[in-house]
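# Results of the structural survey
Now for the letters of each chain:
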Amino acid sequence: SESFLRQSFATYGKDSRVQLIPGPAKHFLAQCDLVIAASGTVTLEAALMQVPTILVYKVSPLTYALGKILVKLKYVGLANLIAGHRVMPELLQQDADPDGIARTALSMADQLGLHVRNLGIVRKKLGLSGASRRAACIAAGLIRTGFKPD
């Protein structure tokens, strides 16, 4: 919740360059050159706005193992699933550590324009008006068929 975040920043982030920006994600995404985000709809919003993003996701080892058995998708992120290939890096489980995130961010920083162009496929496939509905239909179809994008 916002109050928890504000309390945490007051305690631990006094000298931090991190800012809390309340409101819809598009308000802060428009100000970003690169985003590091947990898997979810914010990564799709970033893709639609063509903001290069590193998707990170970490769950318990048991949940991850069960997910690998039950869900046969090549990607976790909606943007990658919709594109049919990797348009944003996915750092999962042990790869979602500070060193992995920093390495990925530094390698992406040198090629932001390329990452922006790669995200254009998501925007092209979904358009802007009604994108959420089309994304849900694509994701549901992939889950139903067990399709593994290349």
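Look up: the structure comes first, before these words.
Throughout, residues of each chain are indexed from 1 in the direction in which the sequence is written. Where totals are concerned, whole chains, interfaces and linings use all residues; where local detail is concerned, this predicted model gives features only for residues with pLDDT of at least 70, and gives and counts side-chain atom pairs only at 80 or more. Hydrogens and waters are ignored; side-chain quantities use all the structure's heavy atoms.

Turning next to the packing of helix α3 (residues 41-48) against helix α7 (residues 112-126). Relative to each other, α3 and α7 sit at 95 degrees, their axes nearing to 8 Å. Compared by their axis directions, α3 and α7 come out roughly perpendicular. On α7, the residues touching Leu-44, Ala-47 and Leu-48 of α3 are Leu-119, Val-122, Arg-123 and Leu-126. Taken together, the residues of the contact of α3 with α7 break down into six nonpolar, no polar and one charged. Every angle, taken between N-to-C directions, lies between 0 and 180 degrees, and every axis is a line fitted to C-alpha atoms, over only the stretch in contact when it is a helix. Numbering of helices and strands starts at the N terminus; helices are DSSP runs of H or I of at least 4 residues and strands are runs of E of at least 2. Working rule for angles: under 35 degrees goes down as roughly parallel, over 145 as roughly antiparallel, 65 to 115 as roughly perpendicular, anything else as oblique. Contacts are residue-level and defined by heavy atoms, with any inter-residue pair within 4.5 Å sufficient. Under this grouping Gly is polar, as are all residues other than the nonpolar Ala, Val, Leu, Ile, Met, Phe, Trp, Tyr, Cys and Pro and the charged Asp, Glu, Lys and Arg.

Attention now goes to unusual backbone geometry. One non-glycine residue with positive phi stands out, namely Gln-50, at about 55 degrees. Positionally, Gln-50 belongs in the loop between α3 and β2 (53-57). Each residue is placed in one exposure class: buried if its accessible area under a 1.4 Å probe, protein chains only, is under 20% of its type's maximum, exposed if it is over 50%, and partly exposed if it falls in between. Its relative accessible area of 22% is what places Gln-50 among the partly exposed residues. At Gln-93, a position not held by glycine, the phi torsion is positive, near 50 degrees.

What follows deals with the side chain of Thr-104. Looking at where Thr-104 falls in the secondary structure, it is placed in helix α6 (residues 98-109). Exposure remark for Thr-104: the relative accessible area of 14% places this residue in the buried category. Excluding residues that lie within four positions of it along the chain, Thr-104 makes contacts with Ile-54, Pro-89 and Leu-91.

This brings us to the sheet that holds β2. Strand pairing is defined by DSSP finding a minimum of two bridges between the two strands. Ordered by their spatial adjacency, three strands build an open sheet running β1-β2-β3, and the pairing between neighbours is parallel. Edge positions in the sheet fall to β1 (35-38) and β3 (90-92), since each of these pairs with one other strand and no more. Taken over all neighbouring pairs, the strand axes of this sheet differ in orientation by 25 degrees on average, direction set aside. In terms of strand pairing, β1 meets β2 through four bridges, oriented parallel. Of the residues in β2, the one forming a bridge with Ala-38 is Val-56. Across the sheet, α3 lies against β1 and β2, angled at about 150 degrees from β1, the strand it touches most.

Attention now goes to the side chain of His-115. For His-115, the position within the fold is in helix α7. For His-115, a relative accessible area of 10% translates into the label buried. Contact partners of His-115, with chain neighbours within four places excluded, come to Pro-52 and Met-108.

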